[in-house]
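A closer look at the structure
If you want the building blocks of each chain, they are given just below.
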Amino acid sequence: MARSRVLTGWNLFVFGSLFQAVVVVLADGMNFRSFYFTEEPTDIIVQKGQPAILNCSAVGDPAPTIEWKKDQLFLNLVGDTRRTILPNGSLRINNVTHSRNDRPDEGLYECVATVDNLGTIVSRTARLQVATLGRFEEEPRSTSAFLGDTAIFRCSVDAVPPAKIRWQKNREGIETSNDIDRMIVLPSGALEIRDVQMSDETSYRCKATNMEGTRRSEEERLTLVYGGSRTRTPEFVNTPQNTEVIQGQEVILECAANGLPEPSMSWWKDGQPLAPGRDPESHYSFVGNSNLRIRLASESDSGTYVCSATNVLGTFDARAELLVQVPPRFEREPSSLHAYMNTDIKFECEVYGVPFPTIEWIKNGDIITPSEYFQIVDGTNLKILGLVKSDEGLYQCKARNKIGNIQTSAQLIIVNRGIYTSPATGLTPTYPRDLVALIRSTRFVTLSWREPRLTHGNIIAYSVYFRRQGSPRERVVNTTSVMQVTVHDLIPSTRYEFRVKAYNDHGPGESSAVAYIETQPEVQVPGPVLHLRGVAVSTTAIKVYWDPPSHRNGEIINYKIYYAQTARLNSEEDVNHIGMQFTKSGLKPYTDYTFRLVAYNENGPGVSSDEIIIRTYSDKPTEPPANVTIIPQSSRSLEITWDPPPLDACNGEITGYKIRWKQSDRRQSNPITIQGGLRSFIVGELDRDTIYEIKMAAMTVNGTGPPTDWMEGRTLENDLDETQVPPEPTSFKARPMTDTIVVLWTPPPVESNVMVRGYTIGYGIGIPDTITIDIDDPSRRHHTIKNLQPSSPYIITLRAYNNMGSGPQVYQTVNTRAESTPEPTKSLWPPVGVKAIVLSSSAVRVKWSDSTLNNKQRIPDNRIYTVMYKTNYPASAKPRYVNSTALEYTIDELKPGTMYEFTVRLTKGKKTSAWSLSVFNKTHESTPGTAPRTLTIVPVEGKPSVINLNWQPPKSPNGRITGYIIYYTTDNSQRDHDWVIMPYVGDRLTATIDDLTTDTTYYFKIQARNEEGVGPMSEIVEYKTPQDDGFGGGVKNQGTGSFVGGSGREGPTTSAKSDDDGEMSNMVIWIVVGCIVAGCFIIGALIFAIYMCNRRSDSMMAKKRKQGGAYKAPPKGAKKPGAKDVKPPDLWIHHDQMELKQMEKPPMPEPMTQIPRNPDDMKPLDDPSMDTLTKRNSFTGDDDPDLTSGDRTRPPPEGKRKPIMIPVDPQPPPPRETIATATVLPNGSVSPPLRPSYPKTQYNAPSSGSGSTTRNPNIDQPEFRVKTQFNYPMTRSKSLERPGFMTLSSSGYQSDNTTVSSDDGNKTLPPSLATTRPGHPLKSFSVPGPPPHYSSNPAAAQQKHLIKPGLPGQVSPHKKATVTVSGAKTRMQPMPVNTPRAPDVAVRVRGDNPAENADGKSFSTEDLNAEMANLEGLMKDLNAITSTELDC
């Protein structure tokens, strides 16, 4: 929450207001009232049946009321005669009740004091325990010891309060023994016997006593051991244990060891040696043999203590941790506060303790649960947001750890804001205007407003009040005269109310109108985890704890833990985990690691937590000291110099070194321990001219690391002379560089026998010894002088020295080199020619070339090559890096059968090249690393001897799985090759096994295989097949041993149940059989009814044809019964798709139409059927009343059919605007409206069949046949259903008779019968041949299909054309004409050859090609024609 930001004027105003408020408070008696505890209860231990008193008293005005809580619940003492509250508030329990099953009085007690109209406070918590003396946790055991050794008998008992342990020797107290000076009882209860004597070989027992009673252990003996080895390595008989002690108490760390010779005992704390004495008043002192006593323990005594036992055979250590615990104490207590309503306040409470105390806040006796308005900040402080009147009362800060608990309290008084005016009464401002939100985020809002219209003076401050809508708690943010403020700590997706008040010198003004603002929704991912903390649990493991995020935004699925070494870059790794704590093992000792966490929900990863750094425990070194050198110092001493172990092998802070030396011809060695900060040591008191062997090891607080090998050094035969200064060095060279000079030398002659302690180097520009450097190491032979000036003459001097002084010097004059102009920085070229050579399933050798090297590719400097490699599966895999100083590197520990990407870069000094081009290669496959997973057995319903096996592929396939091998048997003790083996090829994950024996237990297992071999076996799954009747069986439950999941039924338990099941099964079978029979009967009846209906329709059609004539159309306006008005579809849209659908259906049989054979058979125009012809649109459906079932189902006649000869009009087609109209005939009847005819195209090829159509014998017109490119029934145009074709004359289109070729000759058909029926209802339209043109000159030239506009005064193109029919008076006998399918012949136009015209077997395509040229335009005309007719 944003806090107040005010200027000086606002401060004066606020302080003046607060001062007036305080005055008002004091005047009204609202000052802080004294209320506190004078005595609080403490922990007590009482005996069962004895009385107990828990003291408590408090003072207040008026006198407080005292109540008691036990385990957080108030005690109801009404009518309780056993427990009473004394007048001073103390609680008395007359007789403490305690039994094994009933312990009503043990627990945690709190004293609760209340003052009316003030509040409630709670005392510290006190524990009441009943004294007990349990069984021995550890009893003495018989032991043995050598004479002079130390013997230990242990004894401990579970008791409250802790029992006092006493020991008896031969059933007599050791206090009365004469050997009391050699025997001591340690705080743990153990008996230590030093310098074991023969008289100590007897029986011992311990006795534990407390206020509850006494308990004795069994007797055990101490047995002496005689003889044995002359030497024994140190062996601990008692080691220090991790101990916790309260500050100010005394603690004893126990330690004892035996060995021969007797080991010397020493103690170390945090790597530093301790020097305990025998004075009991000193801080550190010895107790008994070598036990360390710490008097008045303090926090500084916490640490790691090492007890070390050393003799000539070695040194051994024992380690323990000591923690000095500190009870809680207040560093800062909360203060009582006055506060205005709607403001925010904070109670500060700082505590300290070891372990660090936990804080609990209490208001008027009730524990405060953190919420939006009550927040625990900075770990211990309480912050209250938006004060309301009910927040008034007493607040307590209670701190507790495992040592104790304390409490303190403070009072909060809420003061209502008043309207304060200056002595010169004035007016306050009006309300601020135009309160708006400039920025609206998820957790904050930036507000802006305008100044009040009437300020009545200077505006000195603004107060912004806000609250969550519907909440009674309003908060306030004060700001300066700047009319903008940012309000923080809001909740996402929450609606808030904001208002503003202005202040001038006279006080607060009016409040602005409330502005309702809703914060933005937050990204629905979790927030950071809370209270991430960690602790080292061992030298290689760290345990981290955390609390879930405060904003989870859904269920937390898992946490991803990121960890890395702080000293290594790009070393971060991660692991997924579910839970609130995680232990990471496999870490390096004494190494700092960073940890951070990210919570995941269903929307993805959330916000990362802050990093924490945790260091693993130290361990003993894993390598010996480095560069160990032995230098003879004299005839009686050797100097040892060394460097510490490598940093990654120290495993902690080096606290010391252990050095052992011996003469080369002896076995026993002499040990010595020195401090860890030293780098050299002189071993003295040696023999002259003798070879010595020396080895050393490094130490940490955890122990001693491995030693070096024995190294030899020889003392001098004679001591070197140090009564004179050493002579000059035998050689001296100086090699100058630009700003450095390297000095090299050799020591003075050995023959001089003069001691050399070191060397002195002097140098200066033109003047020697301006600067001198002392080298204390006499073994040094070189030194580099740095920070010199280029191109300068330097005089270098060198001389040796010892305790007598410096010897003669040698010198050289050299000039440093001139400073060269640095070459421009060039970027390094990346390595080239990278190759990845697969060596095995887990190793790849990466090679490359360096273009910056010579042809021999020799590396002259310390350049480093970094190889980065990664795999793209999984996608989140992180790249790994390795460094190499050669031009190749072998990477191992790769995954088998995995594609890897490799790239290399060069690092030279501070320069780094770019990454090279990547190369890819795949490691060799290896046998599957794991077995197939989740092998499950699923029984097949109704087949007790058949099962289905399902499994999942191995977790580590190590290549492509090529098959699986299933093993099963009835005896799992057999070897694998004796099982039944069923191999399966491929990556299938299921298999069916049949021919199993029912009611038999089988064992199944499976293994995967790839091209490299087979993997391990899966776990055995035990399955029992069901019985023959399907009962029983299933997979064996390993927990219960029963078989479950078989047929899903239980076997019969009684005969009655079995009979009932049998009857139910038979009934189900009969029901199923009855349903099948009934279904078959119904289906048969339907088939018979359909067949009879079809026969009846065929017979009615044949009867009608016999009665004479073609089928007559129903009267105009007539409908089929039950027919629906169907709106014609859009005939143009998707026309091509509608046409092509014809290909998918089988050919439909075409109906046969009766055609009159002579004019007498033709009906006159006044025939009633002609009067009832109805107008039809281009839509043709199955519900056409002209079609009957017989028409649709009658098959075509057998035999080869002749193609239909369709007359083609040589005249141009009529204009597209001209449409058919109804015309009054000479006899007074009205001819039906007709549509103009168009040539047929590939969209409406004629149906195949026999028969042909000829032109009018009076007109020489071409005829053509049409072959469609698709073999499907063709659709006739609706225009062909009109009676006759139309010819263009001066009066419009005229009807035409059609001549049909037959065996009897050419016959002329009336227009009404010279049509064919439609073939398919989905054909939207079709184009007939052009109308013939009647001309008096048959030999006139034939024109192509050209559009010829009508003459002026003719029929409007938007009206239907007049139609006349010739030959209406004649009547012909009907003759059958087959409506054909498209013949499989080429399209030909009949020519002038009489032979061709006679038989119709040869045709020409010349004219047809010309006619087809204009089809594209005709197709476009169809849309207008069709839509016009539909509108009619």
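Residues numbered from 1 in each chain as written. Predicted model: local features only at pLDDT ≥ 70, side-chain atom pairs only at ≥ 80, totals over all residues. Heavy atoms only, no water.

**Thoughts on the pattern of salt bridges**
Threshold: Basic side-chain nitrogens of Lys or Arg form a salt bridge, by our definition, when they fall within 4 Å of a carboxyl oxygen of Asp or Glu. Segments assigned H or I by DSSP are reported as helices when at least four residues long, segments assigned E as strands when at least two residues long, and all are numbered from the N terminus. For every residue, the accessible area obtained with a 1.4 Å probe (protein chains only) is divided by the maximum for its type, and the residue is called buried under 20%, exposed over 50%, and partly exposed between those limits.
Applying the stated criterion across every chain, the model contains 39 salt bridges. Notably, a salt bridge pairs Arg-332 with Glu-350, separated by 4.0 Å at the nearest N-O pair. Within this pair, whereas Arg-332 is found in strand E32 (residues 314-332), its partner Glu-350 is found in strand E35 (residues 350-354), the two being separated by 18 residues in sequence. Given the relative accessible area of 40%, Arg-332 is considered partly exposed. Classification of Glu-350 as partly exposed rests on a relative accessible area of 36%. Through salt bridges that share partners, Glu-572, Asp-574, Arg-596 and Lys-878 make up one connected network.

**Quick notes on the state of the cysteines**
Formally: The criterion for a disulfide is a pair of cysteine sulfur atoms lying within 2.5 Å.
Overall, the coordinates contain 4 disulfides when judged by the stated rule. Each sulfur of the disulfide joining Cys-155 and Cys-206 lies 2.1 Å from the other. One disulfide, between Cys-155 and Cys-206, carries an S-S torsion of 65° and so falls in the right-handed class. Taken together, the residues span a long stretch of sequence, with Cys-155 in the loop between strand E14 (151-153) and strand E15 (156-160) and Cys-206 in strand E20 (residues 203-210) at a distance of 51 residues. Cys-206 gets classed as buried once you look at its relative accessible area, which sits at 0%. Each sulfur in the disulfide pair Cys-349 and Cys-397 lies 2.0 Å from the other. Looking along the S-S bond of the Cys-349-Cys-397 disulfide, the torsion reads about -80°, which is the left-handed sense. Here Cys-349 is found in the loop between strand E34 (345-347) and E35, whereas its partner Cys-397 is found in strand E40 (residues 393-400), with 48 residues between them in sequence. Accessibility assignment for this pair places Cys-349 and Cys-397 in one class, buried.

**Looking at the packing of aromatic side chains**
Note the following rule: Only centres within 6.5 Å qualify two rings of Phe, Tyr or Trp (six-membered ring in Trp) as a pair; their planes then separate them into stacked at under 30 degrees, edge-to-face at over 60, and tilted for everything else. Both a distance and an angle decide whether a charge sits over a ring: NZ of Lys or CZ of Arg must be within 6 Å of the ring centre and within 35 degrees of the ring normal.
Scanning all chains against the criterion turns up 21 aromatic pairs. Here Arg-615 stacks its cationic end above the ring of Tyr-590, 4.7 Å away from the centre of that ring.

**Quick word on unusual backbone geometry**
Looking along the chain, the bond that leaves Asp-61 and enters Pro-62 is cis, with omega of 0°. For the bond running from Val-160 to Pro-161, omega is -10°, close enough to zero to count as cis. Positionally, Pro-161 belongs in the loop between E15 and strand E16 (164-169). Of note, the phi angle at Thr-934 is positive, near 45°, even though the residue is not glycine. For Thr-934, the position within the fold is in strand E82 (residues 933-940).

**Some remarks on the sheet that holds strand E25 (residues 251-253)**
The test is simple: In this analysis, strands are considered paired if DSSP registers two or more bridges between them. Here an axis means a line fitted to C-alpha atoms, over the contact stretch when the element is a helix, while the angle between two N-to-C directions is reported on a 0 to 180 degree scale.
Spatially, 3 strands are ordered E25-E30-E29 in an open sheet, and the strand pairing comes out antiparallel. The sheet terminates laterally at E25 and strand E29 (284-287), the two strands that pair on one side only. On average, each strand axis in the sheet is tilted by 30° relative to the strand beside it, whichever way the strands run. With 4 bridges connecting them, E29 and strand E30 (residues 291-294) associate as antiparallel partners. Counted as the bridge partner of Phe-286 is Leu-292 from E30.

**Points about the nonpolar core**
Generally speaking, soluble globular proteins have nonpolar side chains that are buried together. Quick reminder of the rule: We call a set of buried Ala, Val, Leu, Ile, Met, Phe, Trp, Tyr and Cys residues a nonpolar core when their side-chain atoms join them within 4.5 Å. Contact between two residues is taken to exist if any of their heavy atoms lie within 4.5 Å; hydrogens are not considered.
Phe-35, Trp-68 and Tyr-109 are the most contacted members of the largest nonpolar core, which totals 24 residues. For this core, the secondary-structure elements that each account for two or more residues are strand E2 (44-46), strand E3 (52-54), strand E5 (65-70), strand E8 (91-93), strand E9 (107-115) and strand E11 (126-130). What Phe-35 contacts, discounting residues up to four positions off in sequence, is Ala-58, Val-59, Gly-60, Pro-64, Ala-113, Thr-114, Val-115, Leu-118, Gly-119, Ile-121, Leu-394 and Ser-409. Counting residues in each nonpolar core, the second largest holds 21 residues, with Ala-151, Trp-167, Tyr-204 and Leu-222 among its members.

**Things to note about the sheet that holds strand E86 (residues 990-993)**
Read across the sheet, 3 strands follow the order E82-E83-E86 without closing on themselves; strand pairing throughout is antiparallel. Each end of this open sheet is capped by a strand with a single partner; those strands are E82 and E86. Along the sheet, successive strands turn relative to each other by an average axial angle of 20°, direction set aside. As paired strands, strand E83 (residues 943-952) and E86 are joined by 4 bridges and run antiparallel to one another.

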